[in-house]
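Summary of the model geometry
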There are 12 protein chains.
Amino acid sequence: MVPNTVIQILVIHGPNLNLLGTRDPSVYGTTTLDDINQELMRRGKERGAVVSFVQSNIEGELVNAIQGAAASYQALLINPGGYSHTSVAIRDALDACALPAVECHLSNIHAREEFRATSLTAAMCIGLISGFGAESYYLGLDAALAHVEGLRSQ
Amino acid sequence: MVPNTVIQILVIHGPNLNLLGTRDPSVYGTTTLDDINQELMRRGKERGAVVSFVQSNIEGELVNAIQGAAASYQALLINPGGYSHTSVAIRDALDACALPAVECHLSNIHAREEFRATSLTAAMCIGLISGFGAESYYLGLDAALAHVEGLRSQ
Amino acid sequence: MVPNTVIQILVIHGPNLNLLGTRDPSVYGTTTLDDINQELMRRGKERGAVVSFVQSNIEGELVNAIQGAAASYQALLINPGGYSHTSVAIRDALDACALPAVECHLSNIHAREEFRATSLTAAMCIGLISGFGAESYYLGLDAALAHVEGLRSQ
Amino acid sequence: MVPNTVIQILVIHGPNLNLLGTRDPSVYGTTTLDDINQELMRRGKERGAVVSFVQSNIEGELVNAIQGAAASYQALLINPGGYSHTSVAIRDALDACALPAVECHLSNIHAREEFRATSLTAAMCIGLISGFGAESYYLGLDAALAHVEGLRSQ
Amino acid sequence: MVPNTVIQILVIHGPNLNLLGTRDPSVYGTTTLDDINQELMRRGKERGAVVSFVQSNIEGELVNAIQGAAASYQALLINPGGYSHTSVAIRDALDACALPAVECHLSNIHAREEFRATSLTAAMCIGLISGFGAESYYLGLDAALAHVEGLRSQ
Amino acid sequence: MVPNTVIQILVIHGPNLNLLGTRDPSVYGTTTLDDINQELMRRGKERGAVVSFVQSNIEGELVNAIQGAAASYQALLINPGGYSHTSVAIRDALDACALPAVECHLSNIHAREEFRATSLTAAMCIGLISGFGAESYYLGLDAALAHVEGLRSQ
Amino acid sequence: MVPNTVIQILVIHGPNLNLLGTRDPSVYGTTTLDDINQELMRRGKERGAVVSFVQSNIEGELVNAIQGAAASYQALLINPGGYSHTSVAIRDALDACALPAVECHLSNIHAREEFRATSLTAAMCIGLISGFGAESYYLGLDAALAHVEGLRSQ
Amino acid sequence: MVPNTVIQILVIHGPNLNLLGTRDPSVYGTTTLDDINQELMRRGKERGAVVSFVQSNIEGELVNAIQGAAASYQALLINPGGYSHTSVAIRDALDACALPAVECHLSNIHAREEFRATSLTAAMCIGLISGFGAESYYLGLDAALAHVEGLRSQ
Amino acid sequence: MVPNTVIQILVIHGPNLNLLGTRDPSVYGTTTLDDINQELMRRGKERGAVVSFVQSNIEGELVNAIQGAAASYQALLINPGGYSHTSVAIRDALDACALPAVECHLSNIHAREEFRATSLTAAMCIGLISGFGAESYYLGLDAALAHVEGLRSQ
Amino acid sequence: MVPNTVIQILVIHGPNLNLLGTRDPSVYGTTTLDDINQELMRRGKERGAVVSFVQSNIEGELVNAIQGAAASYQALLINPGGYSHTSVAIRDALDACALPAVECHLSNIHAREEFRATSLTAAMCIGLISGFGAESYYLGLDAALAHVEGLRSQ
Amino acid sequence: MVPNTVIQILVIHGPNLNLLGTRDPSVYGTTTLDDINQELMRRGKERGAVVSFVQSNIEGELVNAIQGAAASYQALLINPGGYSHTSVAIRDALDACALPAVECHLSNIHAREEFRATSLTAAMCIGLISGFGAESYYLGLDAALAHVEGLRSQ
Amino acid sequence: MVPNTVIQILVIHGPNLNLLGTRDPSVYGTTTLDDINQELMRRGKERGAVVSFVQSNIEGELVNAIQGAAASYQALLINPGGYSHTSVAIRDALDACALPAVECHLSNIHAREEFRATSLTAAMCIGLISGFGAESYYLGLDAALAHVEGLRSQ
């Protein structure tokens, strides 16, 4: 068992999530991405974790972020947005990266268009949380922390 | 805004979940269903909620449980197991039932056989949590409570 | 030609139909299942037929009901609900059972989700009536009686 | 509630139905189309309705008939025959036409070749009746009349 | 090598098999389920095995039977009937259950309707025997006994 | 055996065949439809057959032609053109019509676009001849005559 | 370069377009077909073109119109309506016809039912304009005129 | 134009055709392969052609026969039997071989099992004749001779 | 009705469009992207509109451009190039963005490879113009302007 | 009832089965083909049957073997190996051949790659036994003998 | 590490490759198979390897060649031609055979007909080289030698 | 024939290839991307070629690299990684670019997940080399050089 240093979590927001709070509120709610980030930091702090953030609309920058995380983080919390359904490159990056990842989505991907019901990226994550609005992120943080703590206590 | 009475949550366990802790631990872990139920009760109690349970291997009994819940509960937490992928009847029961429901799965349904990647029932739930072992239930309870509290505070 | 004794019809209601009148009225109307049963009995009586009823949410109990009907009934009127689209077992029971059957649905199965447009069970029935609300049952009773009377007059 | 004038129903027979009574009787029975029309008129008269008829083998003439019906009729009873499975044009005409329509088929379209199990046109009708031979038309007339009377009594 | 005690085999009959001998004999033959059970017991006895039986039309009861068998039996002989093609729950029960299982079918599932050619459950069995009428059960018993004896002689 | 009266053959040309000789000659050759008709008449005459013709671009008129042929002809030679691949109505007309029919195509339908490789209508004909340009009609006439003569000599 | 005589354009309206202005205005707008024709003539006149019109609900009459246009017109503007998605015969007629054609649709065929997203006929046209209501026709006229003028100026 | 020497035609019979006359006569007729060969020779002789034969049940021997034919023959008449639907190797051999080929089938491949409706090999032939029993071969010989004569008269 | 200020249109060019005029001219013509931009500006100016431009080969930069347009523009004219067929992210950006958009393509996407016939992005636009080379942009500008003017005159 | 002469069974081994005992033992076991043949002969002898063998890697030679068996054998036991999933020619040979056949496979074809789950040949056999290693052959011999004895005792 | 004896490579040419140099040169070039074999021998010699060859048009003979190679060779270079796309038997032979294999194709199988884009056999090889004409063989030899040398140097 | 100047080759590495040597070595080996680049330069130098490199995780930057190569290079060696299977934009860039390209992959794309077996980009390359680890690049360089030298010697 390694000594219990501070847990570092990287939250990766995919395309269009920078618009959060301005986009159709009946689907995505009114909270902004910054609100979510603040709340994630606050909750992380309570549990002894530092939460960092990156957002990009560019598929390859998300790949870069995943690749770069291995050195400094213990887990990823990722919302790949529209790239979930088409990106083999992000899937490969998650596979190559040694970190456990949790995928989250604001909306319920099984209750929208059919092309959203498949997730190429989720197969490379521990699990998926989808449909709870901003709460999906908070539950995802809990899942990631529980997973890291579980590894430590082994 | 209605007065804040105790929240009642019904947890519905589908087929084969009674075997939990005996089935292939590399996929499902070693926790028993009773362990999970105890933990859910404990966590519910902390947040002022009473958590009840039903388990059945029979599709139609799950339909019965969903129908019967409307009178006494504010939300459902359901793991439909193998019926998630084939049951129009459970889907219809969730649709007919006025309660918000959260679907959870122990294993990551997007990382197993292809026929598990589709969920007929999830489209009738608020959202889906899948892949975190017993933790999927605890995150699901949080999601259900957050949802009910959200409705109350409106 | 056999002597014209009283015709016995068994009406089999599938999953969730016990909720009738409480479920989304824009799709299914406000009539209860008991209202429909009363009206079916009244109409049967007018034409010299006795109409009996069974409802179950459990697929295998519907199989049991179909199997058990052969001894005492001349025809079946069945609304298999969500099992229409998935149940090979009910299809086989209808096939094994010597009785003519009429399948009916409250809503128009061709105007809803795509997975409702296929009926495994209808291929084992004389025909299908779908989309007329409670009227689907009454038309179905007429169809069943006309069929039985047609057989008798041969 | 509008005054109860006579109900006008247009029955539209699609391709090959003019052959009725000559075509393979094991599938379609021996009744001719004129027999059916006579019986429909007789039954309509009993319930205070006038029933008119049109038959064509030509897809576009069926479109014309549907379009032209709006001015003089309260409902349509249509057997689109083979065009049910392929005609977007008839589907569009039914959609554009303000009249409630009932689709009927002599044979059970779910128990024949697979390409007959889909109906493009049924989605634009109130409902579908299929498999009862000439009786499908009589049940269809009942369904159409019940629907129109239901609208009037609102 | 464990001592050679009596071998216990559980035979699980799925939906509609209780009708055996009454259902379409051109497909399934005239033998009753009891005839088969008697013959299986007789054959088992000859080879030092006790054969027990359960039949149910209810999917979840078959799941229960499979789960309950682990404590007292060394192998299963199962004919899941129509549930073979649709039941993820029975598949999961066979997977969770520690016992070797042999799947058998009276008719040749590759020579009937296309939806019968796939078996979800067979992938969790040692193998499949299909098409030999009642003989399928007797061959299946031989296969199960040969398998258990093979394990013992290792 | 019936007396050998003159054989009457109806040749039915489908959509766009009136353009023959003007349309892309690399696919269809330079012969006109009238050239083909003359040659068919000449060849028919040599074998004691009268050959008649109808051409229409309208699906329903082809249905009419097929229906009307039963009274006066012993066989049909039909090139349904583009309707081969989509017309359930022509298929049904060929099925209802008591006459043997031969389907022919100028071009090889298996060597063009994928949607031309399926023929709904060919399944209701004795056989298919495709790919030999105008020769497809002459071979088709031979096939039709051989078939009728074969029936007569029984 | 040929001398610049008057350009002749034939506009071909497919099934149900005669209803324009009466059909569901939220999808198709309130303009009538005659309004569109008047506007097309006015716009054609401004650019030295004569615009003529034909409308039919009958697939084969559209084939006839396309075939007949070659002698007198320099280009076609066609809205095949529901036949776009199913008609091999119209596709073949456009292919056989020597004239450049522009396909237009009032509604956006990529934003409606899935069976409308494929166009068999568009592959035989220069291009497709879809989704702009009556404006689709005016843009289509511009496209056709630009194409013809481009050919002339070569 | 080359001098009119004797035309050499090779007829290639695929798998199971050696059984002709013994196999199910309701599908294939009672004529033996030798009967067909005799008749083909007789008909060839009448038109100044020598007809030779090869039969094999082995896919690769059919490939060999096609390859070897180029030196001595002007055309092929081939019935690839069951290999029509699966053999890329025979397709490639027909493609590589410089000779025109006619594919024929005794039964109507569009009126049997669905896997027989596709022909990989027909796309590499001039055309296809299917459904006329032994007559398919005689029509095929006519088609091949007409094609060769057509090439010579150019 | 708001005051008629200058209309601002943003034209978004997707991947490979910077190569215009150098790429295969038989498919895309010889005009350069700058030529098109100049012409669009000139035409915009004539109708009181200012037209701006952005081109990128990077999917996420197109997402950025769409997001950033909402503040300063009244409409978008977008050619998403190859991303039309695969980008859920651009589709979501168009959906989130409050601006009306017109999609245009130089080549006819229905007359090329099958994977180009589907457009994920077009469903989030008013409509689609495809196949007219550079003219597709000019028609698209007209369509966008007509739409904005139509909104203003309401 | 014919006199009870010795039963002759032909066992046909398909491609790669000659390698048995050398190929991956975790899938196929260590028994050689000769071991199996010896055991089949021994078991046959016990039940008054003579068992003969043929093995070939060549599809057409298997066709030959099936065709040639009709004269001297009462039943076939066939393991078509990889050809089960692709050979229409072997299917046709089994169909043409008057002998009852039993198909067997060493491994469970429903638990391996998806392309092994379909069997073209099994539809022409009495039934299928798959998954029991060498035991599949012995069970298959029992099934074949039981079938032949059943025919004799009629 | 074993002593470095001479490396033995078997090159297996599938159907129609004996025609090389005579078949369509725009696809396959003008080099003959013997040219390729000579060059492969020369190149092998330079690297201390002996290269042998076998060609057959018969699927089962290719299976034989693969099976027989295990005793004398260290690697296979195989061009299965048309059998790549359909042969489960060759796939199984490659799987059973202990030798590393390299698959090569003269033409680019991803740029031709769709049925050539799948390779059943490639999954049982180290890798695939396709599209470089005769060079595909030389690159394949290099790949095979590099692989064998890599194994030796471990 | 142009004078033999130095050959310039651009090697384009797609997403995640910068991780080479750190990612799962059982699939991709332990060589780093820099190791491969060094070796490619060394090998190029031996054959009188200069080899340059670019790597990006961003789809559009790969498009940029391909576009920019036309001015300075004679050939491309590209490993599009995960974009091979989804990128129409890279496919279009390769098509627009005048340079011959060779596609290579470290792992065998036909022996992994099904979504990797299709390559949109390979159809725009001369050929594909897949499965040989770093050797795939060296073989690819040979293939590219052989192709360029072949063009020069014409």
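Residue positions are counted from 1 within each chain, in the order its sequence is given. Chains and ligands are labelled sequentially in the order written, the chains with letters from A and the ligands with numbers from 1. Note on the predicted model: pLDDT of at least 70 is required for a residue's local features to be given, and 80 or more for side-chain atom pairs to be given and counted; whole-chain, interface and lining totals, by contrast, use all residues. As a rule here, side-chain values cover all heavy atoms of the structure and leave hydrogens and water aside.

**Points about the overall build of chain A**
Runs of H or I in DSSP of at least four residues are treated as helices and runs of E of at least two as strands, each being numbered from the N terminus. Of regular secondary structure, chain A possesses 5 helices and 5 strands. What you see in chain A, going N to C, is helices and strands ordered as β-α-α-β-α-β-α-β-β-α. Throughout, radius of gyration means the C-alpha value; the globule benchmark is 2.2 Å times the number of residues raised to the power 0.38. Taking 154 residues into account, the globule formula puts the C-alpha radius of gyration at 15 Å, and chain A, at 15 Å, falls close to it. Seen through its C-alpha atoms, chain A measures out along the principal axes to roughly 45 × 30 × 25 Å. Three labels apply to residues, based on accessible area from a 1.4 Å probe with only protein chains included: buried if under 20% of the type maximum, exposed if over 50%, partly exposed otherwise in between. Every one of the 154 residues in chain A was classed for burial, and the buried ones make up 62%. Contacts between residues were defined by any pair of non-hydrogen atoms, one from each residue, lying within 4.5 Å. Long-range contacts, defined here as pairs at least 24 residues apart, represent 78% of the contacts in chain A between residues at least 6 apart.

**Concerning the relation of the copies chain A and chain L**
Both copies of the chain are tied together by a single rotation about an axis and a shift running along it. When the copies are superposed, the least-squares fit takes in the C-alpha atoms of residues with a pLDDT of at least 70 in both. Here chain A sits on chain L after a turn of 120 degrees about the axis and a move of 0.1 Å along it, with an RMSD of 0.1 Å. One copy is carried onto the other by what is essentially a three-fold rotation axis. Counting the interface residues of chain A, we find that no more than 19% of their copies in chain L are interface residues as well, pointing to two distinct contact surfaces.

**Quick look at the interface of chain J and chain E**
Across the contact, 21 residues belong to chain J and 21 residues belong to chain E. Buried surface at the junction of chain J and chain E, both sides included, amounts to about 1,600 Å², of which 63% is carbon and sulfur. When the buried surface of chain J facing chain E is broken down by residue, His110, Leu128 and Phe132 of chain J rank first, second and third, together holding 34% of it. For this analysis, a salt bridge means a side-chain nitrogen from Lys or Arg found within 4 Å of a carboxyl oxygen belonging to Asp or Glu. Summed over the shared surface of chain J and chain E, the number is 0 salt bridges. Two parts placed together each lose some accessible area; with a 1.4 Å probe, that loss summed over both constitutes the buried area.

**Here's the deal with the pattern of salt bridges**
All chains considered together, the criterion is met by 96 salt bridges over all chains. Residue Arg42 of chain F is joined to Glu39 of chain F by a salt bridge in which the shortest nitrogen-to-oxygen separation is 2.7 Å. In this pair, Arg42 of chain F and Glu39 of chain F are both assigned in helix α2 (residues 33-46), 3 residues apart and thus about one turn of the helix distant. For Arg42 of chain F, a relative accessible area of 40% corresponds to the partly exposed category. In the salt-bridge network here, residues are joined through shared partners; they are Glu39, Arg42, Arg43 and Glu46 of chain A.

**Quick word on the arrangement of the chains**
Separated throughout, chain A and chain K approach each other most closely at a C-alpha pair spaced 19 Å apart. Separated throughout, chain F and chain K approach each other most closely at a C-alpha pair spaced 11 Å apart.

**Observations concerning helix α4 (residues 88-96) of chain F**
Residues and elements named next belong to chain F. For α4, a buried count of 8 out of 9 residues is recorded, marking the element as mostly surrounded by other parts of the structure. Every buried residue belonging to α4 is among Val88, Ala89, Ile90, Arg91, Asp92, Ala93, Leu94 and Ala96, and all of these are buried. Looking at the packing, one finds that the buried side of α4 touches α3 (59-69), β3 (75-79) and β4 (101-105). Two N or O atoms count as a polar contact when they lie within 3.5 Å, although within protein this holds only if one can serve as hydrogen donor and the other as acceptor, and sequence-adjacent residues are included solely when both atoms are side-chain atoms. Sitting at the head of α4, Ser87 places a side-chain oxygen 3.5 Å from the backbone nitrogen of Ala89.

**Considering unusual backbone geometry**
All names here are of chain H. Residues other than glycine seldom take positive phi values, yet Asn16 does so here, at roughly 75 degrees. With respect to the helices, strands and loops of the structure, Asn16 is situated in the loop between β1 (7-13) and α1 (25-28). Residue classification places Asn16 among the buried positions, given a relative accessible area of 3%.

**Points about the sheet that holds strand β1 (residues 7-13) of chain F**
A sheet is described by the order of its strands in space; here 10 strands give the open sequence β2(F)-β1(F)-β3(F)-β4(F)-β5(F)-β5(H)-β4(H)-β3(H)-β1(H)-β2(H), paired in mixed fashion. In the strand order of this sheet, the two ends are held by β2 (49-55) of chain F together with β2 (49-55) of chain H, each with one partner. Neighbouring strand axes in the sheet, compared pairwise and without regard to direction, differ in orientation by 20 degrees on average. Both strand β3 (residues 75-79) of chain H and strand β4 (residues 101-105) of chain H contribute to a ladder of 3 bridges, which runs parallel. Following the sheet pairing, Leu76 of chain H is matched in β4 of chain H by Ala101 of chain H. Across the sheet, α2 of chain F touches β1, β2 and β3 of chain F, and the angle it forms with β2 of chain F is around 160 degrees. Contacts between helix α5 (residues 135-152) of chain H and the sheet are confined to β5 (127-130) of chain F together with β1, β2, β3, β4 and β5 (127-130) of chain H, with β1 of chain H contributing the most and set at about 145 degrees to the helix. The pairing criterion is simple: DSSP has to find at least two bridges between the two strands. Orientation is described by axes fitted as lines to C-alpha atoms, over the contacting stretch for helices, and by angles from 0 to 180 degrees between their N-to-C directions.

**Looking at the relation of the copies chain J and chain E**
Take chain J, turn it by 180 degrees, move it 0.0 Å along the axis, and it overlays chain E with an RMSD of 0.0 Å. Overall, the copies show the geometry of a two-fold rotation axis. It is Ile129 of chain J whose C-alpha, among those of chain J, lies nearest the rotation axis, at 2.2 Å.

**Observations regarding the interface of chain A and chain L**
Across the boundary between the two partners, chain A contributes 16 residues, which contact 15 residues of chain L. When the two sides are added together, the surface that chain A and chain L hide from each other amounts to roughly 1,200 Å², 53% of it contributed by carbon and sulfur. Interface area lost by chain A to chain L is led by Gln67, Val88 and Asp92 of chain A, which between them contribute 38%. Counting every contact that joins chain A to chain L gives 2 salt bridges. With its nearest N and O atoms 3.4 Å apart, the salt bridge here joins Glu113 of chain L to Arg91 of chain A. The interface formed by chain A and chain L includes 7 residue pairs in polar contact (both at pLDDT 80 or more). Listed by contribution, the elements that provide at least two residues to the side of chain A that touches chain L are α3 (59-69) and α4 (88-96) of chain A. Residues are grouped as follows: Ala, Val, Leu, Ile, Met, Phe, Trp, Tyr, Cys and Pro are nonpolar; Asp, Glu, Lys and Arg are charged; all remaining types, including Gly, are polar. Each residue belonging to the side of chain A that touches chain L can be placed in one class, and the counts come to 7 nonpolar, 4 polar and 5 charged.

**Focus: the environment of Leu106 of chain F**
Mapped onto the secondary structure, Leu106 of chain F falls in the loop between β4 and β5. It is 12 Å that separates the C-alpha atoms of Leu106 of chain F and Ser26 of chain F, two residues lying 80 residues apart in sequence.

**Things to note about the confidence of the model for chain A**
Residues and elements named next belong to chain A. pLDDT measures the predictor's confidence residue by residue and takes values from 0 up to 100. Residues of chain A with pLDDT of at least 70 account for 92%, and the chain-wide mean is 91. Looking at the elements of chain A, mean pLDDT is at its lowest for helix α1 (residues 25-28), recorded as 64, and at its highest for strand β3 (residues 75-79), recorded as 98. For this predicted complex, the interface confidence comes out at an ipTM of 0.90, alongside a pTM of 0.91.

**Here's the deal with the sheet that holds strand β2 (residues 49-55) of chain J**
Sheet architecture is open: 10 strands sit in the order β2(E)-β1(E)-β3(E)-β4(E)-β5(E)-β5(J)-β4(J)-β3(J)-β1(J)-β2(J), paired in mixed fashion. This sheet does not close on itself; its edge strands, each paired only once, are β2 (49-55) of chain E together with β2 of chain J. Averaged over all pairs of adjacent strands, the angle between strand axes in this sheet comes to 20 degrees, irrespective of strand direction. The strands touched by helix α2 (residues 33-46) of chain J are β1 (7-13), β2 and β3 (75-79) of chain J; relative to β2 of chain J, the strand with the most contacts, the crossing angle is about 160 degrees.

**Overview of the packing of helix α3 (residues 59-69) of chain G against helix α4 (residues 88-96) of chain G**
Residue and element names in this part refer to chain G. Interaxial distance between α3 and α4 falls to 9 Å at its minimum, and their mutual angle equals 0 degrees. As judged from the angle between their axes, α3 and α4 are roughly parallel. Residues Glu59, Leu62, Val63 and Ile66 of α3 touch α4, and the partners they reach there are Ala89, Ile90, Ala93 and Leu94. Its residues assigned to classes, the contact of α3 with α4 comprises 7 nonpolar, no polar and 1 charged. Between 65 and 115 degrees an angle is taken as roughly perpendicular, under 35 as roughly parallel, over 145 as roughly antiparallel, and anywhere else as oblique.

**Quick look at helix α2 (residues 33-46) of chain A**
Residues and elements named next belong to chain A. Helix length check: α2 (14 residues) gives 20 Å between terminal C-alpha atoms against 20 Å at 1.5 Å per residue, within 8%. Along α2, the residues that are buried comprise Leu33, Ile36, Asn37, Glu39, Leu40 and Gly44. The buried residues of α2 occupy an angular sector of 165 degrees when the element is viewed end-on, so they sit on one face. Residues of α2 that are exposed and point over 90 degrees away from its buried face: Lys45 and Glu46. Where α2 is buried, its residues meet β1 (7-13), β2 (49-55), β3 and α5 (135-152). Given a helix with a known number of residues, its expected span is that number minus one, times 1.5 Å. Comment: arc refers to directions from the helix axis out to C-beta atoms.

**Here's the deal with the side chain of Asn79 of chain I**
Examined against the element boundaries, Asn79 of chain I turns out to sit in strand β3 (residues 75-79). A distance of 3.3 Å separates the side chain of Asn79 of chain I from the side chain of Tyr137 of chain I, its partner in a polar contact.

**With respect to the side chain of His105 of chain J**
All names here are of chain J. Mapped onto the elements, His105 comes out in strand β4 (residues 101-105). His105 sits in the buried class, given a relative accessible area of 5%. At 3.4 Å, the side chain of His105 and the side chain of Ser84 are in polar contact. Non-local contacts of His105, meaning those with residues more than four positions away in its chain, are made with Asn79, Pro80, Gly81, Ser84, Leu128, Ile129, Ser130, Gly131, Phe132 and Ser136.

**Quick word on the environment of Arg43 of chain D**
Residues and elements named next belong to chain D. Its place among the elements puts Arg43 in helix α2 (residues 33-46). When the C-alpha atoms of Arg43 and Leu141 are compared, they prove to be 8.4 Å apart, with 98 residues separating the residues in sequence. Residues in contact with Arg43, not counting those within four places in the same chain, are Tyr138 and Leu141. A polar atom in the side chain of Arg43 sits 2.8 Å from the side chain of Glu39.

**Let's talk about the state of the cysteines**
Cysteine sulfurs are considered disulfide-paired once they come within 2.5 Å of each other. Tallying each qualifying case throughout the model produces 0 disulfides over all chains. Here Cys104 of chain B is not cross-linked by a disulfide; its sulfur's nearest cysteine counterpart is in Cys125 of chain B, at 9.6 Å.

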